[in-house]
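Next come the chains, spelled out residue by residue.
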Amino acid sequence: MASEPVSDRDLVNSLWAGDTAALATLYDRYSSMVYTLALKMLANPAEAEDLTQEVFVNFWQRRQYNPDRGSIGSYLATYTRSRAIDRLRVSRGRATILQRFQRITAASSRSANPVDHATQQEQRQHLRAALDQIPPAEREVLEIAYFQGLSQSEIAAQLGIPLGTVKSRCRQGLLRLRSLLEHQRS
Amino acid sequence: MNSTPLPENWRSLLAGYVLNDLTDHEATLVEQWLDQYPEVASELEALQSTWESLPTLLPPVAPSPGVRDRVMAAVQNTAVQNAAAQTPDLALEPIPAPAIVRRRLPLGKLVLALGWAATGLALVLALQENQRLRLALTQQEAVVASFSQPGNPLYTLSGTDAEPQASGRLVVNPDAQTALIVTTDLPPLSPDQVYRLWALADSDPVFCGQFNPKAGQNTNQWILPNAACSDGSVQMLVTAERAADPPIPAGDLVLQSRS
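Please read all numbers here as calculations on a predicted model, not as lab measurements.

**Points about the overall build of chain A**
Helix and strand counts for chain A stand at nine helices and zero strands. In chain A, the succession of α and β elements from N to C terminus is α-α-α-α-α-α-α-α-α. Counting only residues that meet the buried cut, chain A has 46% of its 186 residues in that class. For chain A, the share of sequence-separated contacts (at least 6 apart) that also reach a separation of at least 24 residues comes to 63%. When the accessible surface of chain A is summed, it comes to about 9500 Å², and 49% of that surface belongs to carbon and sulfur atoms.

And the structure:
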(Lines give C-alpha, C1' and ligand atoms only; values in the text may rest on other atoms or scores of the structure.)
Protein backbone atom coordinates (compact mmCIF):
# COMPACT_ATOMS: atom_id res chain seq x y z
CA MET A 1 0.00 0.00 0.00
CA ALA A 2 1.45 3.32 -1.01
CA SER A 3 2.08 5.68 1.87
CA GLU A 4 0.72 9.20 1.88
CA PRO A 5 3.26 11.80 0.78
CA VAL A 6 4.59 13.94 3.60
CA SER A 7 2.93 17.34 3.66
CA ASP A 8 4.92 20.49 3.00
CA ARG A 9 4.19 21.64 6.51
CA ASP A 10 5.62 18.47 8.02
CA LEU A 11 8.67 18.73 5.80
CA VAL A 12 9.26 22.31 6.89
CA ASN A 13 8.87 21.35 10.53
CA SER A 14 11.40 18.53 10.06
CA LEU A 15 13.76 20.90 8.31
CA TRP A 16 13.56 23.48 11.09
CA ALA A 17 14.21 20.65 13.54
CA GLY A 18 17.50 19.93 11.79
CA ASP A 19 16.59 17.26 9.25
CA THR A 20 18.30 18.62 6.15
CA ALA A 21 17.03 15.66 4.10
CA ALA A 22 13.63 17.33 4.21
CA LEU A 23 15.09 20.11 2.08
CA ALA A 24 15.88 17.57 -0.64
CA THR A 25 12.21 16.60 -0.81
CA LEU A 26 11.11 20.23 -0.89
CA TYR A 27 13.69 20.85 -3.59
CA ASP A 28 12.28 17.98 -5.65
CA ARG A 29 8.80 19.45 -5.34
CA TYR A 30 9.57 23.09 -6.07
CA SER A 31 12.88 23.40 -7.90
CA SER A 32 11.22 23.33 -11.33
CA MET A 33 8.90 26.16 -10.38
CA VAL A 34 11.75 28.23 -8.96
CA TYR A 35 14.09 27.52 -11.86
CA THR A 36 11.40 28.14 -14.48
CA LEU A 37 10.59 31.54 -13.03
CA ALA A 38 14.27 32.41 -12.65
CA LEU A 39 14.96 31.37 -16.24
CA LYS A 40 12.02 33.35 -17.57
CA MET A 41 13.15 36.48 -15.75
CA LEU A 42 16.92 36.20 -16.16
CA ALA A 43 16.96 34.50 -19.59
CA ASN A 44 20.21 32.73 -18.73
CA PRO A 45 20.37 29.10 -17.60
CA ALA A 46 23.56 29.48 -15.53
CA GLU A 47 22.23 32.55 -13.76
CA ALA A 48 18.89 30.84 -13.20
CA GLU A 49 20.63 27.83 -11.66
CA ASP A 50 22.63 30.11 -9.38
CA LEU A 51 19.46 31.79 -8.25
CA THR A 52 17.74 28.45 -7.70
CA GLN A 53 20.60 27.40 -5.45
CA GLU A 54 20.48 30.70 -3.60
CA VAL A 55 16.72 30.43 -3.06
CA PHE A 56 16.86 26.97 -1.49
CA VAL A 57 19.97 27.57 0.61
CA ASN A 58 18.51 30.82 1.91
CA PHE A 59 15.17 29.16 2.53
CA TRP A 60 16.92 26.79 4.90
CA GLN A 61 19.36 29.31 6.31
CA ARG A 62 17.01 32.20 7.03
CA ARG A 63 13.96 30.29 8.21
CA GLN A 64 11.68 33.18 7.38
CA TYR A 65 8.92 31.07 5.92
CA ASN A 66 5.90 30.58 8.14
CA PRO A 67 3.48 27.83 7.02
CA ASP A 68 0.61 29.68 8.69
CA ARG A 69 1.01 32.63 6.36
CA GLY A 70 0.74 30.95 2.98
CA SER A 71 1.90 28.10 0.80
CA ILE A 72 5.54 27.33 0.37
CA GLY A 73 5.14 27.57 -3.41
CA SER A 74 3.85 31.10 -3.13
CA TYR A 75 6.64 32.05 -0.73
CA LEU A 76 9.34 30.61 -2.99
CA ALA A 77 7.88 32.28 -6.09
CA THR A 78 7.76 35.66 -4.36
CA TYR A 79 11.29 35.31 -3.04
CA THR A 80 12.63 34.10 -6.40
CA ARG A 81 11.01 37.01 -8.21
CA SER A 82 12.33 39.51 -5.71
CA ARG A 83 15.90 38.21 -5.99
CA ALA A 84 15.65 38.03 -9.79
CA ILE A 85 14.54 41.66 -9.88
CA ASP A 86 17.56 42.61 -7.75
CA ARG A 87 19.83 40.88 -10.22
CA LEU A 88 18.10 42.43 -13.22
CA ARG A 89 18.45 45.93 -11.79
CA VAL A 90 22.18 45.42 -11.29
CA SER A 91 22.53 44.03 -14.80
CA ARG A 92 20.61 46.88 -16.40
CA GLY A 93 22.75 49.48 -14.60
CA ARG A 94 25.90 48.22 -16.21
CA ALA A 95 24.53 47.41 -19.64
CA THR A 96 26.60 50.00 -21.46
CA ILE A 97 29.89 49.01 -19.83
CA LEU A 98 29.23 45.41 -20.65
CA GLN A 99 29.32 46.08 -24.35
CA ARG A 100 33.11 46.06 -24.13
CA PHE A 101 33.05 42.46 -23.12
CA GLN A 102 29.72 41.05 -23.92
CA ARG A 103 29.27 37.93 -25.96
CA ILE A 104 25.63 37.18 -25.69
CA THR A 105 24.92 33.54 -25.21
CA ALA A 106 21.53 32.36 -26.23
CA ALA A 107 19.51 31.00 -23.38
CA SER A 108 18.81 27.36 -23.90
CA SER A 109 16.12 25.53 -22.10
CA ARG A 110 16.01 21.98 -20.93
CA SER A 111 13.00 19.82 -21.43
CA ALA A 112 10.16 20.10 -19.01
CA ASN A 113 10.10 17.93 -15.95
CA PRO A 114 7.66 15.10 -16.72
CA VAL A 115 6.73 14.61 -13.09
CA ASP A 116 5.05 17.95 -12.66
CA HIS A 117 1.78 17.69 -10.89
CA ALA A 118 -1.41 17.53 -12.91
CA THR A 119 -2.84 20.18 -10.62
CA GLN A 120 -0.16 22.59 -11.73
CA GLN A 121 -1.04 21.92 -15.36
CA GLU A 122 -4.68 22.48 -14.55
CA GLN A 123 -3.89 25.69 -12.72
CA ARG A 124 -1.80 26.85 -15.66
CA GLN A 125 -4.63 26.13 -18.08
CA HIS A 126 -7.11 28.04 -15.94
CA LEU A 127 -4.80 30.99 -15.62
CA ARG A 128 -3.99 31.02 -19.32
CA ALA A 129 -7.69 30.88 -20.18
CA ALA A 130 -8.39 33.75 -17.81
CA LEU A 131 -5.49 35.79 -19.13
CA ASP A 132 -6.75 35.26 -22.67
CA GLN A 133 -10.03 36.83 -21.67
CA ILE A 134 -8.65 40.11 -20.40
CA PRO A 135 -7.80 42.93 -22.82
CA PRO A 136 -4.38 42.45 -24.44
CA ALA A 137 -3.19 45.86 -23.24
CA GLU A 138 -3.87 44.86 -19.64
CA ARG A 139 -2.31 41.46 -20.10
CA GLU A 140 0.81 43.02 -21.58
CA VAL A 141 1.49 45.36 -18.66
CA LEU A 142 0.80 42.66 -16.10
CA GLU A 143 3.22 40.25 -17.73
CA ILE A 144 5.90 42.90 -18.05
CA ALA A 145 5.43 43.96 -14.44
CA TYR A 146 5.65 40.42 -13.16
CA PHE A 147 8.23 38.74 -15.36
CA GLN A 148 10.49 41.66 -16.20
CA GLY A 149 10.15 43.21 -12.77
CA LEU A 150 9.84 46.71 -14.21
CA SER A 151 8.26 49.50 -12.20
CA GLN A 152 5.17 51.14 -13.65
CA SER A 153 7.15 54.22 -14.66
CA GLU A 154 9.68 51.97 -16.43
CA ILE A 155 6.83 50.20 -18.24
CA ALA A 156 5.39 53.58 -19.25
CA ALA A 157 8.77 54.57 -20.71
CA GLN A 158 9.20 51.24 -22.47
CA LEU A 159 5.75 51.27 -24.04
CA GLY A 160 5.59 55.04 -24.60
CA ILE A 161 2.32 55.48 -22.73
CA PRO A 162 1.41 57.67 -19.74
CA LEU A 163 2.14 56.36 -16.24
CA GLY A 164 -1.51 56.76 -15.26
CA THR A 165 -2.51 54.47 -18.12
CA VAL A 166 -0.05 51.81 -16.99
CA LYS A 167 -1.34 52.04 -13.45
CA SER A 168 -4.99 51.71 -14.42
CA ARG A 169 -4.28 48.86 -16.87
CA CYS A 170 -2.32 46.94 -14.24
CA ARG A 171 -4.99 47.33 -11.60
CA GLN A 172 -7.88 46.60 -13.97
CA GLY A 173 -6.07 43.59 -15.38
CA LEU A 174 -5.39 42.16 -11.93
CA LEU A 175 -8.97 42.73 -10.77
CA ARG A 176 -10.35 41.14 -13.93
CA LEU A 177 -8.03 38.18 -13.62
CA ARG A 178 -8.97 37.64 -10.00
CA SER A 179 -12.66 37.75 -10.89
CA LEU A 180 -12.28 35.33 -13.82
CA LEU A 181 -10.32 32.84 -11.72
CA GLU A 182 -12.99 32.96 -9.04
CA HIS A 183 -15.65 32.24 -11.66
CA GLN A 184 -13.67 29.26 -12.91
CA ARG A 185 -13.34 27.87 -9.41
CA SER A 186 -17.04 28.23 -8.73
CA MET B 1 -18.22 50.76 14.54
CA ASN B 2 -16.29 51.53 11.37
CA SER B 3 -14.56 54.90 11.52
CA THR B 4 -13.63 55.23 7.82
CA PRO B 5 -16.20 54.02 5.28
CA LEU B 6 -14.85 52.22 2.25
CA PRO B 7 -14.64 54.40 -0.86
CA GLU B 8 -16.06 53.21 -4.17
CA ASN B 9 -12.61 52.46 -5.57
CA TRP B 10 -11.50 50.32 -2.65
CA ARG B 11 -10.89 47.28 -4.86
CA SER B 12 -8.72 49.31 -7.19
CA LEU B 13 -6.69 50.48 -4.22
CA LEU B 14 -6.29 46.89 -3.05
CA ALA B 15 -5.01 45.98 -6.51
CA GLY B 16 -2.62 48.90 -6.23
CA TYR B 17 -1.52 47.61 -2.83
CA VAL B 18 -0.64 44.23 -4.34
CA LEU B 19 1.06 45.89 -7.31
CA ASN B 20 2.94 48.21 -4.96
CA ASP B 21 1.87 51.39 -6.74
CA LEU B 22 0.14 53.20 -3.87
CA THR B 23 1.27 56.35 -2.13
CA ASP B 24 2.22 55.98 1.53
CA HIS B 25 -1.08 57.56 2.52
CA GLU B 26 -3.10 55.16 0.38
CA ALA B 27 -1.15 52.16 1.69
CA THR B 28 -1.82 53.26 5.28
CA LEU B 29 -5.52 53.54 4.48
CA VAL B 30 -5.59 50.00 3.09
CA GLU B 31 -3.85 48.70 6.19
CA GLN B 32 -6.44 50.41 8.38
CA TRP B 33 -9.27 48.82 6.39
CA LEU B 34 -7.70 45.40 6.89
CA ASP B 35 -8.41 45.67 10.59
CA GLN B 36 -11.89 47.08 10.11
CA TYR B 37 -13.40 45.13 7.21
CA PRO B 38 -13.17 41.34 6.85
CA GLU B 39 -14.11 41.61 3.16
CA VAL B 40 -11.03 43.76 2.56
CA ALA B 41 -8.76 41.11 4.04
CA SER B 42 -10.29 38.32 1.97
CA GLU B 43 -10.25 40.40 -1.23
CA LEU B 44 -6.65 41.37 -0.66
CA GLU B 45 -5.71 37.75 -0.11
CA ALA B 46 -7.46 36.76 -3.35
CA LEU B 47 -5.71 39.50 -5.32
CA GLN B 48 -2.35 38.60 -3.82
CA SER B 49 -2.92 34.96 -4.63
CA THR B 50 -3.86 35.85 -8.23
CA TRP B 51 -0.73 37.96 -8.63
CA GLU B 52 1.46 35.22 -7.18
CA SER B 53 -0.08 32.59 -9.44
CA LEU B 54 1.38 34.18 -12.59
CA PRO B 55 4.50 31.95 -12.55
CA THR B 56 2.26 28.92 -13.04
CA LEU B 57 1.67 30.21 -16.58
CA LEU B 58 5.13 29.06 -17.53
CA PRO B 59 5.73 25.54 -18.83
CA PRO B 60 7.98 23.97 -16.17
CA VAL B 61 11.68 23.56 -16.89
CA ALA B 62 13.89 21.46 -14.61
CA PRO B 63 17.30 22.70 -13.48
CA SER B 64 20.27 20.42 -14.11
CA PRO B 65 20.83 17.71 -11.46
CA GLY B 66 24.03 19.44 -10.30
CA VAL B 67 22.02 22.24 -8.72
CA ARG B 68 20.43 19.82 -6.29
CA ASP B 69 23.87 18.47 -5.34
CA ARG B 70 25.20 21.99 -4.78
CA VAL B 71 22.23 22.96 -2.61
CA MET B 72 22.57 19.89 -0.44
CA ALA B 73 26.38 20.20 -0.24
CA ALA B 74 26.12 23.84 0.87
CA VAL B 75 23.42 23.05 3.42
CA GLN B 76 25.13 20.00 4.87
CA ASN B 77 28.47 21.76 5.04
CA THR B 78 26.98 24.74 6.85
CA ALA B 79 25.04 22.44 9.18
CA VAL B 80 28.25 20.63 10.12
CA GLN B 81 30.06 23.91 10.69
CA ASN B 82 27.21 25.23 12.80
CA ALA B 83 27.22 22.07 14.88
CA ALA B 84 30.98 22.35 15.34
CA ALA B 85 30.67 26.00 16.35
CA GLN B 86 28.03 25.13 18.93
CA THR B 87 30.18 22.38 20.47
CA PRO B 88 33.70 23.82 20.39
CA ASP B 89 35.12 21.28 22.86
CA LEU B 90 34.12 18.40 20.65
CA ALA B 91 35.37 20.17 17.57
CA LEU B 92 38.81 20.86 19.01
CA GLU B 93 39.50 17.55 20.71
CA PRO B 94 40.54 14.58 18.61
CA ILE B 95 37.75 12.05 18.40
CA PRO B 96 38.80 8.86 20.20
CA ALA B 97 38.70 5.75 18.07
CA PRO B 98 35.77 3.53 18.98
CA ALA B 99 36.86 0.54 21.06
CA ILE B 100 35.37 -1.92 18.59
CA VAL B 101 37.91 -0.92 15.96
CA ARG B 102 40.79 -2.03 18.17
CA ARG B 103 39.39 -5.49 18.85
CA ARG B 104 41.62 -8.20 17.45
CA LEU B 105 40.19 -10.32 14.64
CA PRO B 106 40.46 -14.13 14.71
CA LEU B 107 42.88 -15.47 12.05
CA GLY B 108 40.16 -16.98 9.82
CA LYS B 109 38.25 -13.75 9.73
CA LEU B 110 41.46 -11.89 9.04
CA VAL B 111 42.16 -14.06 5.97
CA LEU B 112 38.59 -13.58 4.81
CA ALA B 113 38.89 -9.87 5.32
CA LEU B 114 42.13 -9.81 3.34
CA GLY B 115 40.42 -11.68 0.52
CA TRP B 116 37.63 -9.17 0.44
CA ALA B 117 40.16 -6.37 0.61
CA ALA B 118 41.98 -7.78 -2.43
CA THR B 119 38.70 -8.03 -4.31
CA GLY B 120 37.86 -4.53 -3.31
CA LEU B 121 41.26 -3.30 -4.42
CA ALA B 122 40.81 -4.92 -7.82
CA LEU B 123 37.45 -3.22 -8.15
CA VAL B 124 38.91 0.09 -7.10
CA LEU B 125 41.67 -0.24 -9.69
CA ALA B 126 39.18 -1.15 -12.37
CA LEU B 127 37.10 1.91 -11.57
CA GLN B 128 40.01 4.15 -10.72
CA GLU B 129 39.62 6.63 -13.51
CA ASN B 130 35.92 6.98 -13.03
CA GLN B 131 36.35 7.35 -9.29
CA ARG B 132 39.12 9.87 -9.69
CA LEU B 133 36.93 12.10 -11.81
CA ARG B 134 34.00 11.73 -9.46
CA LEU B 135 36.20 12.38 -6.45
CA ALA B 136 37.71 15.45 -8.05
CA LEU B 137 34.24 16.77 -8.75
CA THR B 138 33.06 15.98 -5.23
CA GLN B 139 36.12 17.60 -3.70
CA GLN B 140 35.61 20.69 -5.81
CA GLU B 141 31.99 20.88 -4.77
CA ALA B 142 33.07 20.44 -1.15
CA VAL B 143 35.65 23.20 -1.47
CA VAL B 144 33.13 25.50 -3.10
CA ALA B 145 30.51 24.56 -0.53
CA SER B 146 32.90 25.32 2.34
CA PHE B 147 33.18 28.86 1.02
CA SER B 148 29.50 29.13 0.16
CA GLN B 149 28.32 30.71 3.35
CA PRO B 150 25.43 33.14 3.37
CA GLY B 151 26.82 36.51 2.45
CA ASN B 152 29.68 35.05 0.42
CA PRO B 153 28.96 35.89 -3.21
CA LEU B 154 28.99 32.79 -5.41
CA TYR B 155 29.36 33.07 -9.17
CA THR B 156 28.88 30.51 -11.89
CA LEU B 157 31.27 31.31 -14.71
CA SER B 158 30.46 30.36 -18.29
CA GLY B 159 32.96 29.99 -21.10
CA THR B 160 32.80 32.54 -23.89
CA ASP B 161 33.40 32.06 -27.61
CA ALA B 162 37.14 32.10 -26.87
CA GLU B 163 36.89 29.10 -24.50
CA PRO B 164 33.39 27.67 -25.00
CA GLN B 165 34.14 24.43 -23.15
CA ALA B 166 35.51 26.17 -20.06
CA SER B 167 33.50 26.78 -16.93
CA GLY B 168 34.15 27.74 -13.35
CA ARG B 169 32.79 28.62 -9.98
CA LEU B 170 34.01 31.58 -8.00
CA VAL B 171 33.34 32.21 -4.33
CA VAL B 172 34.32 35.46 -2.64
CA ASN B 173 34.71 35.76 1.12
CA PRO B 174 34.15 39.45 1.98
CA ASP B 175 35.32 39.01 5.58
CA ALA B 176 38.63 37.41 4.72
CA GLN B 177 38.90 39.34 1.44
CA THR B 178 39.73 36.15 -0.41
CA ALA B 179 38.63 34.63 -3.69
CA LEU B 180 38.44 30.95 -4.55
CA ILE B 181 38.03 29.88 -8.15
CA VAL B 182 37.47 26.35 -9.40
CA THR B 183 37.95 26.10 -13.14
CA THR B 184 37.17 23.23 -15.47
CA ASP B 185 38.62 22.87 -18.96
CA LEU B 186 40.34 26.22 -18.77
CA PRO B 187 43.70 25.52 -20.44
CA PRO B 188 46.95 26.40 -18.64
CA LEU B 189 48.69 29.43 -20.11
CA SER B 190 52.36 29.88 -20.95
CA PRO B 191 54.46 31.27 -18.05
CA ASP B 192 54.36 34.81 -19.44
CA GLN B 193 50.56 34.83 -19.43
CA VAL B 194 47.92 34.88 -16.69
CA TYR B 195 44.19 34.80 -16.31
CA ARG B 196 42.93 37.95 -14.63
CA LEU B 197 39.71 38.36 -12.70
CA TRP B 198 37.75 41.59 -13.02
CA ALA B 199 34.76 42.91 -11.10
CA LEU B 200 32.43 44.92 -13.24
CA ALA B 201 30.12 47.30 -11.39
CA ASP B 202 28.89 50.58 -12.78
CA SER B 203 32.30 51.91 -13.75
CA ASP B 204 35.52 50.58 -15.22
CA PRO B 205 36.45 46.98 -14.41
CA VAL B 206 38.31 46.51 -11.13
CA PHE B 207 41.33 44.19 -11.09
CA CYS B 208 40.66 41.36 -8.62
CA GLY B 209 43.75 39.18 -8.94
CA GLN B 210 45.22 36.62 -11.31
CA PHE B 211 45.89 32.92 -11.62
CA ASN B 212 47.14 30.29 -14.04
CA PRO B 213 45.64 26.81 -13.69
CA LYS B 214 48.16 23.98 -13.76
CA ALA B 215 45.84 21.41 -15.30
CA GLY B 216 42.52 21.19 -17.06
CA GLN B 217 40.81 21.23 -13.70
CA ASN B 218 42.13 23.42 -10.95
CA THR B 219 41.46 25.40 -7.82
CA ASN B 220 43.11 28.70 -7.05
CA GLN B 221 42.75 30.97 -4.05
CA TRP B 222 44.21 34.39 -3.34
CA ILE B 223 43.80 37.61 -1.38
CA LEU B 224 41.67 40.17 -3.17
CA PRO B 225 43.57 43.34 -4.05
CA ASN B 226 40.50 45.59 -3.90
CA ALA B 227 37.48 45.65 -1.57
CA ALA B 228 35.22 46.38 -4.56
CA CYS B 229 35.85 42.78 -5.66
CA SER B 230 33.87 41.42 -2.72
CA ASP B 231 30.75 43.45 -3.42
CA GLY B 232 28.16 40.83 -4.24
CA SER B 233 26.46 43.01 -6.84
CA VAL B 234 29.30 43.00 -9.36
CA GLN B 235 29.69 40.89 -12.47
CA MET B 236 32.84 38.80 -12.63
CA LEU B 237 34.89 38.44 -15.79
CA VAL B 238 38.06 36.48 -16.53
CA THR B 239 40.41 37.48 -19.33
CA ALA B 240 43.66 35.98 -20.63
CA GLU B 241 46.42 38.59 -20.39
CA ARG B 242 50.18 38.95 -20.64
CA ALA B 243 51.62 38.85 -17.12
CA ALA B 244 53.78 41.93 -17.74
CA ASP B 245 50.87 44.09 -18.85
CA PRO B 246 49.38 46.71 -16.52
CA PRO B 247 46.09 45.72 -14.82
CA ILE B 248 43.83 46.93 -17.59
CA PRO B 249 41.74 44.35 -19.45
CA ALA B 250 43.01 43.96 -23.00
CA GLY B 251 43.06 40.22 -23.72
CA ASP B 252 40.35 37.73 -24.63
CA LEU B 253 37.36 37.34 -22.34
CA VAL B 254 37.31 33.63 -21.45
CA LEU B 255 34.84 33.30 -18.55
CA GLN B 256 32.03 35.47 -17.33
CA SER B 257 29.28 35.47 -14.75
CA ARG B 258 25.95 37.05 -15.42
CA SER B 259 25.95 39.24 -12.31
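Having seen it, we continue.
**Focus: the overall build of chain B**
In terms of regular secondary structure, chain B is built from eight helices and eight strands. Buried positions account for 41% of the 259 residues belonging to chain B. Here the contacts in chain B between residues at least 6 apart in sequence split such that 59% fall between residues at least 24 apart. Accessible surface for chain B amounts to roughly 14400 Å². Of this, 58% is attributable to carbon and sulfur atoms.

**Re the nonpolar core**
In this structure, Leu23, Phe59, Leu76 and Leu177 of chain A together with Trp51, Leu54 and Val71 of chain B are the most contacted members of the largest nonpolar core, which totals 76 residues. A per-element tally of this core places helix H2 (residues 21-42) of chain A first, with 14 residues. Aside from chain neighbours lying at most four places away, what touches Trp51 of chain B is Arg81, Leu142, Ala145, Tyr146 and Leu174 of chain A together with Val18 and Leu19 of chain B. Within the second largest apolar cluster, 24 residues are counted, among which are Ala166, Leu170, Ala179 and Met236 of chain B.

**Topic: the packing of helix H7 (residues 136-148) of chain A against helix H9 (residues 163-185) of chain A**
Residues and elements named next belong to chain A. Across the interface, H7 lies against H9 with an axial gap of 8 Å and an inter-helix angle of 100°. In terms of orientation, H7 and H9 fall into the roughly perpendicular class. Across from Ala137, Glu138, Val141 and Leu142 in H7, the residues of H9 making contact are Val166, Arg169, Cys170, Gln172, Gly173, Leu174, Arg176 and Leu177.

**Section: the packing of aromatic side chains**
Residue and element names in this part refer to chain A. Scanning the model with the defined rule gives 11 aromatic pairs over all chains in all. For the pair Tyr65 and Tyr75, a centre-to-centre distance of 5.2 Å together with 55° between the ring planes defines the contact as tilted. Here Tyr65 is found in the loop between helix H3 (45-62) and helix H4 (72-93), whereas its partner Tyr75 is found in helix H4, with 10 residues between them in sequence. Relative accessible area serves as the criterion here: at 8%, Tyr65 is assigned to the buried category.

**Comments concerning the pairing of strand E1 (residues 154-159) of chain B**
Residues and elements named next belong to chain B. Where E1 lies against strand E2 (residues 167-173), five bridges are found, and the strand directions are antiparallel. In the sheet register, Tyr155 faces E2, and the bridge partner there is Leu170. One ladder, built from two bridges, connects E1 with strand E8 (residues 252-256); its direction is antiparallel. Paired with Gly159 across the bridge in E8 is Leu255.

**Notes on the pattern of salt bridges**
According to the stated counting rule, one finds 14 salt bridges over all chains in the structure shown. Arg178 of chain A serves as the salt-bridge partner of Glu182 of chain A, at 3.2 Å between the closest nitrogen and oxygen. One end of the pair is Glu182 of chain A and the other is Arg178 of chain A, both in helix H9 and four residues apart, which spans about a single turn. We classify Glu182 of chain A as partly exposed; its relative accessible area is 43%. With a relative accessible area of 12%, Arg178 of chain A lands in the buried category. Two residues, Glu43 of chain B and Arg178 of chain A, come together in a salt bridge whose shortest N-O distance is 2.9 Å. One end of the pair, Glu43 of chain B, is in helix H3 (residues 38-52); the other, Arg178 of chain A, is in helix H9, on a second chain.

**Overview of the interface of chain B and chain A**
Of the residues lining the interface, 63 residues belong to chain B; the matching set on chain A comes to 63 residues. Both sides of the chain B and chain A interface together cover about 5900 Å² of buried area, and 63% of this is carbon and sulfur. Taken together, chain B and chain A are joined by 14 residue pairs in polar contact (both at pLDDT 80 or more). Counting only elements with at least two residues in the side of chain B that touches chain A, the list comes to helix H1 (10-19), H3, helix H4 (65-86), E1, strand E7 (235-242) and E8 of chain B. With 11 residues, H4 of chain B is the single largest residue contributor to the side of chain B that touches chain A.

**Digging into the confidence of the model for chain B**
All names here are of chain B. Chain-level pLDDT for chain B is 77 on average; 69% of the residues reach the 70-or-more range. When mean pLDDT is taken per element in chain B, H1 scores highest with 94 and helix H6 (residues 99-102) scores lowest with 37. pLDDT under 50 marks residues 88-105. Its contacts with residues more than four places away, or in other chains, come to three contacts.

**Some points on the environment of Ser153 of chain A**
Residue and element names in this part refer to chain A. Tracing the backbone shows Ser153 in helix H8 (residues 152-159). Its relative accessible area of 42% is what places Ser153 among the partly exposed residues. C-alpha of Ser153 to C-alpha of Gly164: the two residues are 11 residues apart in sequence and 9.0 Å apart in space. A distance of 3.2 Å separates the side chain of Ser153 from the side chain of Ser151, its partner in a polar contact.

**A look at H3 of chain A**
All names here are of chain A. Over its 18 residues, H3 extends 25 Å from the first C-alpha to the last, a length consistent with the 26 Å expected when each residue adds 1.5 Å. Within H3, 15 of the 18 residues are buried, which leaves it mostly tucked inside the rest of the structure. The N-cap residue of H3 is Asn44: its side-chain oxygen and the backbone nitrogen of Ala46 are 2.9 Å apart. One or two residues past the end of H3 sits Arg63, with phi positive at roughly 55°.

Rules and cut-offs
- Residues numbered from 1 in each chain as written.
- Chains lettered and ligands numbered in written order.
- Predicted model: local features only at pLDDT ≥ 70, side-chain atom pairs only at ≥ 80, totals over all residues.
- Heavy atoms only, no water.
- Helix = DSSP H or I, 4+ residues; strand = E, 2+ residues; numbered from the N terminus.
- Buried < 20%, exposed > 50% of the residue type's maximum accessible area, 1.4 Å probe, protein only.
- Contact = heavy atoms within 4.5 Å.
- Areas by Shrake-Rupley, 256 points an atom, 1.4 Å probe, with all protein chains shown as cover.
- Core = buried A, V, L, I, M, F, W, Y, C linked by side-chain atoms within 4.5 Å.
- Axes fitted to C-alpha atoms, helices over the stretch in contact; angles between N-to-C directions.
- Parallel < 35°, antiparallel > 145°, perpendicular 65-115°, else oblique.
- Phe/Tyr/Trp six-rings, centres within 6.5 Å; stacked < 30°, edge-to-face > 60°.
- Pairing = 2+ DSSP bridges.
- Salt bridge = Lys/Arg side-chain N within 4 Å of Asp/Glu carboxyl O.
- Buried area = accessible area lost by both parts, 1.4 Å probe.
- Polar contact = N/O pair within 3.5 Å; in protein donor to acceptor, adjacent residues only side chain to side chain.
- pLDDT = per-residue confidence, 0-100.
- Expected span 1.5 Å × (residues − 1).

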